[in-house]
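Below are the chains, spelled out letter by letter.
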There are 2 protein chains.
Amino acid sequence: MSKNLLPFLFAILSLNCLAQNEIKEDSITLKKIYKTSLLNGKSYAWLDHLSNQIGARLSGSVNAQKAVEWGEKELKELGIDKVWLQSVMVPKWTRGVTEFAFIETEPGKTTNVPICALGGSVPTPIGGIKASIVEVQGIDDLKKLGSEKITGKIVFFNRPMQADLIETFKAYGGCVDQRYSGAAEASKFGAIGVIVRSMNLRLDDFPHTGSMSYGDLSDMDKIPAAAISTNGADLLSSILKLNPKIKFHMNMNCRTWKDVESFNVIGQITGSEYPNEYMVVGGHLDSWDLGDGSHDDGAGVVQSMEVLRLFKEIGYKPKRSIRVVLFMNEENGLRGGKKYAKVAKNKGENHVFALESDAGGFTPRGFSFDCDDANFKQVEGWKSLFEPYLIHYFAKGGSGADIGPLKKDGIVLAGLRPDSQRYFDYHHAKNDTFDAVNKRELELGAATMASLVYLFDKYGVK
Amino acid sequence: MSKNLLPFLFAILSLNCLAQNEIKEDSITLKKIYKTSLLNGKSYAWLDHLSNQIGARLSGSVNAQKAVEWGEKELKELGIDKVWLQSVMVPKWTRGVTEFAFIETEPGKTTNVPICALGGSVPTPIGGIKASIVEVQGIDDLKKLGSEKITGKIVFFNRPMQADLIETFKAYGGCVDQRYSGAAEASKFGAIGVIVRSMNLRLDDFPHTGSMSYGDLSDMDKIPAAAISTNGADLLSSILKLNPKIKFHMNMNCRTWKDVESFNVIGQITGSEYPNEYMVVGGHLDSWDLGDGSHDDGAGVVQSMEVLRLFKEIGYKPKRSIRVVLFMNEENGLRGGKKYAKVAKNKGENHVFALESDAGGFTPRGFSFDCDDANFKQVEGWKSLFEPYLIHYFAKGGSGADIGPLKKDGIVLAGLRPDSQRYFDYHHAKNDTFDAVNKRELELGAATMASLVYLFDKYGVK
């Protein structure tokens, strides 16, 4: 061997040795994080309070305000460096007296079906509306049918989620246009109301709400829109096949009020080396009004809080400033996410990383990333650290709605990806409640998030 | 380039091309399997019948016989090559009138706690037993305490499952000696009864039964053994700390009868190329008597049946003979598994592969293998085929209890590994019911099993 190569070889060997030590240290830290979350975690007790003592917390509601106060209080009790509220104006929409609907096969012969108003819908006139139904598989069908066949009728969007897609969020993405834009589009063809099949892969009796928009329709053209349970949708469709002349009656009492003030809740551990580099971990504090929002997104809220608590608990002092942000109004406006990003930009705060948990409190499978190749390659180098925790999924893709507005060159945006098979059984429905969340699964998610934040804090963003 | 190398190069290139084509074909077949299972599966409807129309089916019970008849009938309806019953003598143990227990803090002042007899336990004398409690963390503690402190008392085994183990089956493995051998060991020190903390990671009110053995104790030395719910165990432990003199009363009416005849249910698609090479896919048909055995192991039964149905449905004709075996008596004797292996051996049947699903009907994560390195390497080569279905876990380890007796050189034994976080919430308890199984998760498991069987059938065992 040439003597000239020796120093080079030593350098490589010692680098390799260093790298080995780093991996060992990281592996020990991850073990501590998981162990603490599973044996001495606080996420489940927090979720119990948020779900069972506060409950549903739609933007602008008394409960949403209670949740803000609770979040601030709990973060302050962690003894982190800074906790504050960030004011944001949010929409206020209320469901009013519970809606109802029935199918009238002949005068006086009726069958009830479970519906719920979509968030943002106008109400029916007092006494409800009654009309013939026209069933479609999607927005494209409206044009094919034309105004003649739609005017004066209720349009029934009945395209189901595609069950053979393994990732259920993709199946959701392939259907949700009916819910979001169905009413606006159907109105243009003279429809007087809209019924949308619930975004649920399971056949059951829960109608699933969610946001909708009238686009630029004038108030006069806005028509009421509701979701019908999957069983209800199948029943309605069967009855329509037997007798296309049946009438559908729906009665809704929802209302949109003036915007009200609400808050993002923010807590910070200030970085020891790079205090001006910010890393965000968050979920959204608001929920729909039907269940108690345990999966969507109580889980993400308490897991994000737990990340900071775990760091305190294991004595890890981050180099960068880590912020937990409990975003307000993801469900029907995204005002909290937009406000946070706007303030950050105005203040010139250098955000380098953001991670959101908003896909349910189920067993974590990994993360999706919205980042450049260099950072994704870095993440792939960490795979073996996650394997002992059965975390295998690292893919490029979306991150989270609330952190989306932070997007810019160089930032790493990430989303926790829990097992998604059951998520849409509960999403935006009355059964999204505390009992549907498993303690261990929730805790594993929190630990998985803390592990990723730890690694990005330690090694930085490329 | 030397001309001599050209033929060699061509050979490599065409091999590579062949390999690419094979991968493409396999990928198409797996897609068909998953799609058929999710869109047109039968596993969930089968499980509905087995769980809700038949229900709990402990070996030797009327329901176990009903399950045998149902399994035979359903397999025959598949139109596969051969369906038959394999006779096997099984133990018959009955719970009798529901057991009960209470803590007596002072005469007349009692608190009920939920218990259930362990499978195989002797009953208490009529009227029950009442005695002081001695709490231990495991069998080793018995020797430390000695006969003096144990004689005449009820021993309370209270070592919890280790919550920071990610794989919950490992936590189960670390605790189950208390349940299986606790009574036999405590009896040697003069205990008159045994209470065991339920093998459950969750705090709740369900006692979890399971098998136990008295080893070679004489009938006179057998003492009654029951499980107590995790909440009950924590309560009992707290009260004991306040007042070690409290009495515990337990009343059990279980009984062991003479062995009775039962059956493994077997169906076969005969191989087109290697009919004398047998591949088994199975689960166990018996269950405990408390819930309806949906996860343990109704799920494994219907998934195994579904493997053969999926092959018929997609028109795949296996090269090797594929057998579905619905084993009888896994829970308290393993007689079905032993009998199947014995008959196979006596007949000189060449079994090359066996796969069991007996870890619940949750989202499949992968497989564990009990096989040699060459076969495991072959499996690792298939990883990328499974990735689109979020199947990432391929590890050496156990397979399944029923197929264990088939073990010999060269055979590949495999176990489906579903997500295990919730499994012990339900295992052997009253809440192991149909509603705890998610349709998609069950169907994904069946498709994952069919995919592995397909690959081993196509490429053979090394």
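None of these values were measured; they are calculated from a predicted model.

## Notes on the interface of chain B and chain A
Here is step 1: Counting residues at the interface gives 30 residues for chain B and 30 residues for chain A.
Here is step 2: Both sides of the chain B and chain A interface together cover about 2,700 Å² of buried area, and 53% of this is carbon and sulfur.
Here is step 3: The three residues of chain B that bury the most area against chain A are B:Ile166, B:Arg422 and B:Arg440, which together make up 27% of that side's buried surface.
Here is step 4: For the pair chain B and chain A, the number of links is four salt bridges.

## Focus: the domain arrangement of chain A
All names here are of chain A.
Here is step 1: Here chain A is partitioned into domain 1 (36-93 + 258-459) and domain 2 (97-253).
Here is step 2: Averaged C-alpha coordinates put domain 1 and domain 2 at centres separated by 33 Å.
Here is step 3: Each partner contributes residues to the interface: domain 1 has 19 residues there, and domain 2 has 23 residues.
Here is step 4: For the pair domain 1 and domain 2, the summed buried surface comes to about 1,600 Å²; carbon and sulfur atoms form 62% of the total.
Here is step 5: Together, Trp93, Phe424 and Asp425 form the three largest contributors to the area buried by domain 1 at its contact with domain 2, with a combined 38%.
Here is step 6: Where domain 1 meets domain 2, there are one salt bridge.
Here is step 7: Measuring nitrogen to oxygen at the nearest pair gives 3.7 Å for the salt bridge that ties Arg202 to Asp425.
Here is step 8: Our count for the contact surface shared by domain 1 and domain 2 stands at six residue pairs in polar contact (both at pLDDT 80 or more).

## Describing the sheet that holds strand S1 (residues 82-94) of chain A
All names here are of chain A.
Here is step 1: Pairing is mixed across the open sheet formed by eight strands, whose spatial order is S1-S10-S12-S11-S13-S16-S14-S15. Here the strands that pair on one side only, and so sit at the sheet edges, are S1 and strand S15 (393-396). Strand-to-strand twist across the sheet, computed as the mean angle between neighbouring axes with direction ignored, equals 20°.
Here is step 2: The pairing of strand S13 (residues 350-356) with strand S16 (residues 412-418) spans four bridges and is classified as parallel. The residue bridging Phe353 from the neighbouring strand is Val412, located in S16.

## Section: the side chain of A:Asn251
Here is step 1: With respect to the element layout, A:Asn251 can be found in strand S9 (residues 247-251).
Here is step 2: Not counting the four nearest positions on each side in its chain, A:Asn251 is found in contact with A:Glu99, A:Phe100, A:Thr124, A:Gly127 and A:Gly128.

## Examining the pattern of salt bridges
Here is step 1: Going through the model one piece at a time under the given rule, you end up with 58 salt bridges over all chains.
Here is step 2: One salt bridge in this structure joins B:Lys458 and B:Asp26, with 2.7 Å as the shortest N-O distance. Separated by 432 residues along the polypeptide, B:Lys458 in helix H13 (residues 439-459) and B:Asp26 in helix H1 (residues 5-40) bring together distant segments of the chain.
Here is step 3: B:Asp26 gets classed as buried once you look at its relative accessible area, which sits at 2%.
Here is step 4: One salt bridge connects B:Glu277 with B:Arg320, and the closest N-O pair in it is separated by 2.7 Å. Pair noted here: B:Glu277 is in strand S11 (residues 274-284) and B:Arg320 is in strand S12 (residues 320-327), with a separation of 43 residues, a long-range link.
Here is step 5: By relative accessible area, B:Arg320 is classed as buried at 7%.
Here is step 6: Residues joined by salt bridges that share partners form a network here, namely A:Glu22, A:Glu25, A:Asp26 and A:Lys458.

## Focus: helix H7 (residues 230-242) of chain B
Here is step 1: The first and last C-alpha atoms of H7(B) sit 19 Å apart over 13 residues, in line with the 18 Å expected at 1.5 Å per residue.
Here is step 2: Along H7(B), the residues that are buried comprise B:Thr230, B:Gly232, B:Ala233, B:Leu236, B:Ser237, B:Ile239 and B:Leu240.

## Things to note about the environment of B:Asp234
All names here are of chain B.
Here is step 1: With respect to the helices, strands and loops of the structure, Asp234 is situated in helix H7.
Here is step 2: Classification of Asp234 by relative accessible area gives partly exposed; the value is 30%.
Here is step 3: Along the chain, Asp234 and Thr209 lie 25 residues apart, while their C-alpha atoms are 18 Å from each other.

## Notes on the relation of the copies chain B and chain A
Superposing the two chain copies requires a rotation about an axis and a translation along that axis.
Here is step 1: At an RMSD of 0.0 Å, chain B and chain A line up after a rotation of 180° and a shift of 0.0 Å along the axis. A rotation of that kind, with that shift, is consistent with a two-fold axis. If distances are taken from each C-alpha of chain B to the rotation axis, the shortest is found for B:His392, at 3.3 Å.
Here is step 2: Of all interface residues in chain B, 100% are interface residues in chain A too; the two copies therefore contact each other through one and the same surface.

## A word on the pairing of strand S8 (residues 225-228) of chain A
Residue and element names in this part refer to chain A.
Here is step 1: Here S8 shows no split at all, with Ala225 and Ala227 on one side and Ala226 and Ile228 on the other all buried.
Here is step 2: For strand S4 (residues 115-117) and S8, the ladder comprises three bridges, and the chain directions are antiparallel. Residue Cys116 lies in a different strand from S8, and its bridge partner there is Ala227.
Here is step 3: In terms of strand pairing, strand S7 (residues 193-197) meets S8 through four bridges, oriented parallel. Paired with Val196 across the bridge in S8 is Ala227.

## A word on the UniProt feature "domain: Peptidase M28" (unreviewed entry) in chain A
Here is step 1: Following the UniProt record, one finds the feature "domain: Peptidase M28" (unreviewed entry) at residues 264-451 of chain A.
Here is step 2: In the segment residues 264-451 of chain A, helix accounts for 34% and strand for 27%; the C-alpha atoms at its two ends are 24 Å apart.

## Comments concerning the confidence of the model for chain A
Here is step 1: A residue-level look at chain A finds 97% of positions with pLDDT of 70 or above and a mean pLDDT of 96.
Here is step 2: The ipTM value of the predicted complex is 0.95, and its pTM value is 0.96.

## Notes on the packing of aromatic side chains
Residue and element names in this part refer to chain B.
Here is step 1: Under the defined criterion, the tally for this structure stands at 38 aromatic pairs over all chains.
Here is step 2: For the ring pair Phe327 and Tyr340, a centre distance of 6.0 Å and an interplane angle of 85° mean the geometry is edge-to-face. Of this pair, Phe327 sits in strand S12 while Tyr340 sits in helix H9 (residues 335-346); the two residues are 13 residues apart in sequence, bridging distant segments of the chain.
Here is step 3: Exposure remark for Phe327: the relative accessible area of 0% places this residue in the buried category.
Here is step 4: Taking the relative accessible area as the measure of exposure, Tyr340 reaches 2% and is therefore buried.
Here is step 5: Ring geometry for Phe353 versus Phe456: centroids 4.9 Å apart, planes at 35°, classification tilted. Note that Phe353 is positioned in strand S13 (residues 350-356) and Phe456 in helix H13, a separation of 103 residues in sequence. Here the two residues Phe353 and Phe456 agree in accessibility, since each one is buried.

## Remarks on empty space enclosed by the protein
Here is step 1: Under the defined criterion, the tally for this structure stands at five cavities of 30 Å³ or more.
Here is step 2: Approximately 90 Å³ is the volume found for the largest cavity.
Here is step 3: Looking at the largest cavity, the residues that line it are A:Phe362, A:Thr363, A:Asp419, A:Arg422, A:Glu441, B:Phe362, B:Thr363, B:Asp419, B:Gln421, B:Arg422 and B:Glu441.
Here is step 4: Split by residue class, the lining of the largest cavity holds two nonpolar, three polar and six charged.
Here is step 5: What the second largest cavity holds in volume is close to 60 Å³.
Here is step 6: Lining the second largest cavity are B:Ser287, B:Trp288, B:Leu290, B:Gly291, B:Asp292, B:Gly293, B:Asp296, B:Glu331, B:His428, B:Ala429 and B:Asp432.
Here is step 7: Per-class residue counts for the lining of the second largest cavity are three nonpolar, four polar and four charged.

## Some details on the packing of helix H3 (residues 62-77) of chain B against helix H8 (residues 294-314) of chain B
Residues and elements named next belong to chain B.
Here is step 1: Across the interface, H3 lies against H8 with an axial gap of 11 Å and an inter-helix angle of 20°. The pairing of H3 with H8 is recorded here as roughly parallel in orientation. Seen along the crossing, H3 lies across H8 with a hand that is right-handed. Taken together, the residues of H8 that come into contact with H3 (itself represented by Trp70, Glu74 and Leu75) are Val301, Val302 and Met305.
Here is step 2: A per-class count over the contact of H3 with H8 returns five nonpolar, no polar and one charged.

Rules used in this analysis
In every chain, residue numbers begin from 1 and rise along the written sequence. Just so you know, chain letters begin at A and ligand numbers begin at 1, following the order they were written in. Totals for whole chains, interfaces and linings use every residue, but because this is a predicted model, local features are given only for residues with pLDDT of at least 70 and side-chain atom pairs only at 80 or more, for both listing and counting. The basis for the side-chain values is all heavy atoms of the structure; hydrogens and waters are excluded. Only heavy atoms enter the contact rule, under which two residues are in contact if any of them lie within 4.5 Å. Here the buried area means the combined drop in accessible surface, using a 1.4 Å probe, for two parts upon being joined, counting both sides. Just to be clear on terms, a salt bridge is a Lys or Arg side-chain nitrogen sitting within 4 Å of an Asp or Glu carboxyl oxygen. Per the annotation, domain bounds derive from an automatic or database assignment of domains. Polar contacts, as used here, are pairs of N or O atoms within 3.5 Å; protein pairs need one atom able to donate a hydrogen and one able to accept it. Residues neighboring in sequence count only if both atoms are side-chain atoms. At least two bridges found by DSSP between two strands is the condition for calling them paired. By definition, any uninterrupted DSSP run of H or I lasting at least four residues is a helix, any uninterrupted run of E lasting at least two residues is a strand, and each is numbered from the N terminus. Here an axis means a line fitted to C-alpha atoms, over the contact stretch when the element is a helix, while the angle between two N-to-C directions is reported on a 0 to 180 degree scale. Burial classes: relative accessible area under 20% of the type maximum marks a residue as buried, over 50% as exposed, and values in between as partly exposed (1.4 Å probe, protein chains only). Helix span, as expected, comes to 1.5 Å for every residue beyond the first. Copies overlap after least-squares fitting; the atoms used are the C-alpha atoms of residues with pLDDT of at least 70 in both. UniProt positions are given in the numbering used here, feature names are shortened, and annotations may be inferred rather than shown by experiment. Across the chain, each position has a pLDDT score giving the predictor's confidence in that residue, from 0 to 100. Ring pairs are drawn from Phe, Tyr and Trp, using the six-membered ring of Trp, whenever the two centres fall within 6.5 Å, and their geometry is named by plane angle: stacked under 30 degrees, edge-to-face over 60, tilted for the rest. Cavity: a set of points on a 1 Å grid over the protein atoms alone where a 1.4 Å probe fits but cannot get out. Pocket: an open set with protein on both sides within 12 Å along at least five of seven lines, its lining residues, like those of a cavity, having an atom within 4 Å of a point. Grid points are joined across faces, edges and corners, and a volume is the space filled by probe spheres set on the points. Residue type decides the class: Asp, Glu, Lys and Arg count as charged, Ala, Val, Leu, Ile, Met, Phe, Trp, Tyr, Cys and Pro as nonpolar, and the leftover types, Gly among them, as polar. Comment on the angle field: the value is read as roughly parallel under 35 degrees, roughly antiparallel over 145, roughly perpendicular from 65 to 115, and oblique elsewhere. If you view the pair so one helix is near and one far, a crossing is left-handed when the near helix is turned anticlockwise from the far one by less than a right angle, and right-handed when it is turned clockwise.

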